[in-house]
Amino acid sequence: MRAIIVGMGRSGKCALYALGDLGYKLAVQDSKTADKADPEIREYCKKHNVEEFYGTIPEDFSRFDQMIISPGADPEQDFVVMARSQGCEVIGELELAYRLSKGTFIGITGTNGKTTTTSLTGEMFKASGRKSTVAGNIGIPVVQFAAQSTPEDWMVTEVSSFQLQTVSTFRPKVAAILNLTPDHLNRHHTMENYGLTKAQIWKNQTEDDYLILNADDPVLLDLCLAKTGMERKAKLALFSRKRDVELGAFLKGDLLLIRDEEGTEHPLVDRNELEILGDHNVENALAASAIAFFSGIDTQVISRVLREFPGVEHRLEFVEEIDGVKYYNDSKGTNVDATLIALNALRENIILIAGGDAKMQDFGSLAAGLPGRVKKVLLFGRDRGMIREAMDREGFAEYVELNDLEECVRYAKDMAVPGDKVLLSPACASWDMYKDFEARGRHFKECVGRL
């Protein structure tokens with residue numbers, strides 16, 4: 001098999017090693033020039049006779065059977081389209097991992113809450129004694145584990161819309177779509193395209209599989225079910241914070257419950273027993289519970305993990321309390337809806353740090369959600385002017401523009417009084433100033449640590 005791997009980040013690197021071990025004849029391509037390429041990859045390519053294309057592309061793609069592209073590579077860019085036209089199959093790292101794996105997949109996607117839900121689900125699998133791996137968009141490419149997996153393995157996989165653009169045979173035993181709000185429209189262009197892309201997660205499911213959706217999200221139900229035109233074969237289970245559901249997980253009063261296919265209700269925990277904050281995390285807990293339950297995990301295990309799960313880094317993560325002021329790291333808040341969720345969880349007396357790469361978002365709803373919750377907005381990053389303009393239109397004048405994150409943290413420290421909450425929830429991607437949201441979150445915690 002002859003393959004070219006496009007994009008030599010984490011997923012591309014893992015794909016290179018996995019396919020190299022299987023004896024593929026390989027080439028790699030990256031937009032970086034050779035002098036900026038990963039030295040480890042360059043050494044591997046030299047040792048294993050892998051062709052390298054840095055800052056350029058091959059003239060002829062017909063000599064490759066497959067192109068494996070990273071999630072960050074747009075499958076509609078010209079040279080990828082050209083490769084297809086020359087008979088080269090284009091797939092992504094997730095599809096490659098699925099083809100190489102002997103295990104069973106769980107697929108979890110949505111605009112917000114993916115990482116928390118995936119991590120929580122993974123803890124439930126671990127506590128149940130299942131042989132399982134948590135991977136995917138959560139930070140560890142699933143292809144890293146795929147070739148060595150066995151039929152006993154469960155691959156608990158966080159799946160992004162970028163990954164779903166390049167699947168063809170991917171079939172999760174249980175698929176979940178958590179929510180759908182505007183994001184990545186610079187790539188998907190319209191909400192209809194975005195919804196159709198998310199729906200790819202269930203297109204290959206059969207009557208033996210489960211599809212779990214958020215019953216409280218009408219946009220999700222409309223775009224992923226009504227308007228896709230795809231036949232759904234999987235059993236449909238729902239989760240809801242607001243109403244009972246016929247099959248799935250829901251909140252009754254303050255009690256989280258599962259209702260099975262016989263109509264029997266299985267109580268799990270009181271919402272006040274959860275360690276993770278906010279209504280959105282009640283939804284994440286319901287989703288994870290449904291995923292685990294319909295994967296065959298006992299409700300006693302699910303309940304125990306719900307009580308013990310502390311949350312994950314960079315998702316409304318409590319950092320420190322200094323002089324009566326609490327600092328929270330929500331660097332994963334990379335879109336407007338995620339930041340509104342964080343504001344709703346912390347409720348009031350918030351000093352918000354926001355800004356970065358806007359991804360063509362409309363910040364009107366964020367600006368409208370500030371009064372009564374946010375005392376001051378500290379803006380930084382390349383596209384902070386877009387947030388400022390939205391606040392001006394809404395008449396919210398309590399903001400200041402600063403140079404960088406460290407200056408924002410110092411400013412917040414100087415103005416905060418006991419009872420305030422300083423929240424980094426940028427409503428933007430990090431790529432204007434940082435490698436990724438993790439690097440931004442770590443820098444925030446370092447800045448707080450120096451106060």
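Definitions and cut-offs
Residues numbered from 1 in each chain as written. Predicted model: local features only at pLDDT ≥ 70, side-chain atom pairs only at ≥ 80, totals over all residues. Heavy atoms only, no water. Helix = DSSP H or I, 4+ residues; strand = E, 2+ residues; numbered from the N terminus. Buried < 20%, exposed > 50% of the residue type's maximum accessible area, 1.4 Å probe, protein only. Contact = heavy atoms within 4.5 Å. Salt bridge = Lys/Arg side-chain N within 4 Å of Asp/Glu carboxyl O. Pairing = 2+ DSSP bridges. Axes fitted to C-alpha atoms, helices over the stretch in contact; angles between N-to-C directions. Core = buried A, V, L, I, M, F, W, Y, C linked by side-chain atoms within 4.5 Å. Expected span 1.5 Å × (residues − 1). Parallel < 35°, antiparallel > 145°, perpendicular 65-115°, else oblique. Left-handed = near helix turned anticlockwise from the far one by under 90°. Nonpolar A, V, L, I, M, F, W, Y, C, P; charged D, E, K, R; others polar.

Draft legend 1. Spotlight on the side chain of Asn284. Its location among the elements puts Asn284 in helix α11 (residues 279-293). Residue classification places Asn284 among the buried residues on the basis of a relative accessible area of 6%. In contact with Asn284, not counting residues within four places along its chain, are Gly113, Thr116, Thr117, Leu120 and Leu178.

Draft legend 2. Structural context of the pattern of salt bridges. The tally for this structure, following the rule as stated, stands at 29 salt bridges. The closest approach of N and O atoms between Arg99 and Glu95, which form a salt bridge, is 2.8 Å. In this pair, Arg99 and Glu95 are both assigned in helix α4 (residues 93-100), 4 residues apart and thus about one turn of the helix distant. The class of Glu95 is buried, set by a relative accessible area of 0%. Taken together, the shared-partner salt bridges connect Arg241, Arg271, Asp279 and Glu283 into one network.

Draft legend 3. Region of the structure containing the sheet that holds strand β4 (residues 66-69). Across the sheet, 5 strands lie side by side as β3-β2-β1-β4-β5; this open sheet has parallel pairing. What marks the edges here is a single partner per strand, and that holds for β3 (51-54) and β5 (89-92). Taken pair by pair, the neighbouring strands of this sheet meet at an average axis angle of 20°, ignoring direction. Bridge analysis of strand β2 (residues 25-30) against β3 gives 4 bridges, and the strand direction is parallel. Following the sheet pairing, Val28 is matched in β3 by Glu52. Packed on one face of the sheet, α4 meets β4 and β5 and runs near 90° to β5.

Draft legend 4. Here's a closer look at unusual backbone geometry. In this model, Asn49 sits at a positive phi of 55°, which is unusual for a non-glycine residue. Structurally, the position occupied by Asn49 is in the loop between α2 (39-47) and β3. Phi at Lys359 is positive, roughly 55°, even though this residue is not glycine. Inspection of the secondary structure assignment puts Lys359 in the loop between β17 (350-354) and α14 (364-368).

Draft legend 5. View of the nonpolar core. With 51 residues, the main nonpolar core has Ile5, Leu16, Leu19, Val28, Leu96 and Ile201 as its most contacted residues. Residue contributions to this core peak at 5 residues, all from helix α1 (residues 10-21). Ignoring sequence-local partners within four residues, the contact set of Ile5 consists of Gly12, Ala15, Leu16, Leu19, Leu26, Ala27, Val28, Gln29 and Ile68. Judged by nonpolar contacts, the second largest core, of 40 residues, contains Phe125, Trp154, Val269 and Val301.

Draft legend 6. Spatial organisation of the environment of Gly441. Counting through the fold element by element, Gly441 comes out in helix α17 (residues 437-449). By relative accessible area, Gly441 is classed as buried at 0%. Between the alpha carbons of Gly441 and Arg315 there is a distance of 9.4 Å; along the sequence they are 126 residues apart. Those residues in contact with Gly441 that lie beyond four places of it in its chain are His314, Asn329 and Ser331.

Draft legend 7. Representation of the sheet that holds strand β7 (residues 132-136) in the model. Read across the sheet, 9 strands follow the order β7-β8-β6-β9-β10-β11-β12-β13-β14 without closing on themselves; strand pairing throughout is mixed. Where the open sheet ends on each side, the last strands, each with one partner, are β7 and β14 (265-270). This sheet shows a mean twist of 20° between the axes of neighbouring strands, independent of strand direction. In this sheet, strand β10 (residues 210-214) lies alongside strand β9 (residues 174-177) in parallel orientation, the contact comprising 4 bridges. Within β10, the position partnered with Val174 by the bridge is Tyr210. Running over the sheet, helix α10 (residues 218-226) touches β9, β10 and β11 (235-240) and is turned about 145° from β10.

Draft legend 8. How the structure looks around α11. Compared with an ideal rise of 1.5 Å per residue, which puts 15 residues at 21 Å, α11 spans 21 Å between its outermost C-alpha atoms and is within 8% of the ideal. The buried fraction of α11 amounts to 14 of the 15 residues, a majority that puts the element mostly inside the structure.

Draft legend 9. Region of the structure containing the packing of helix α5 (residues 114-128) against α11. Close contact between α5 and α11 brings their axes to 9 Å; oriented N to C, the two are set at 40°. In this view, α5 runs oblique relative to α11, as classed from their interaxial angle. In this structure, α5 crosses over α11, and the sense of that crossing is right-handed. Residues Thr116, Thr117, Leu120, Thr121 and Met124 of α5 lie in contact with α11, whose contacting residues are Asn281, Asn284, Ala285, Ala287, Ala288, Ser289, Ile291 and Ala292. In terms of residue class, the contact of α5 with α11 is made up of 7 nonpolar, 6 polar and no charged.

Draft legend 10. Seen up close, α1. In this model, α1 (12 residues) spans 17 Å end to end at C-alpha, consistent with the 16 Å of a helix rising 1.5 Å per residue. Among the residues of α1, Ser11, Gly12, Lys13, Cys14, Ala15, Leu16, Ala18 and Leu19 are the ones counted as buried. In the core, the buried residues of α1 are packed alongside β1 (2-6), β2, α2, β4, α4 and α6 (143-146). Just downstream of α1 lies Gly23, where phi reads positive at about 85°.

Draft legend 11. Examining the packing of helix α16 (residues 405-415) against α17 more closely. Across the interface, α16 lies against α17 with an axial gap of 9 Å and an inter-helix angle of 40°. Classified by the interaxial angle, the pair formed by α16 and α17 is oblique. Handedness of the crossing formed by α16 with α17: right-handed. Two secondary-structure elements touch here, α16 through Leu405, Glu406 and Val409 and α17 through Arg440, His443, Phe444, Cys447 and Val448. Of the residues belonging to the contact of α16 with α17, the class tally is 5 nonpolar, 1 polar and 2 charged.

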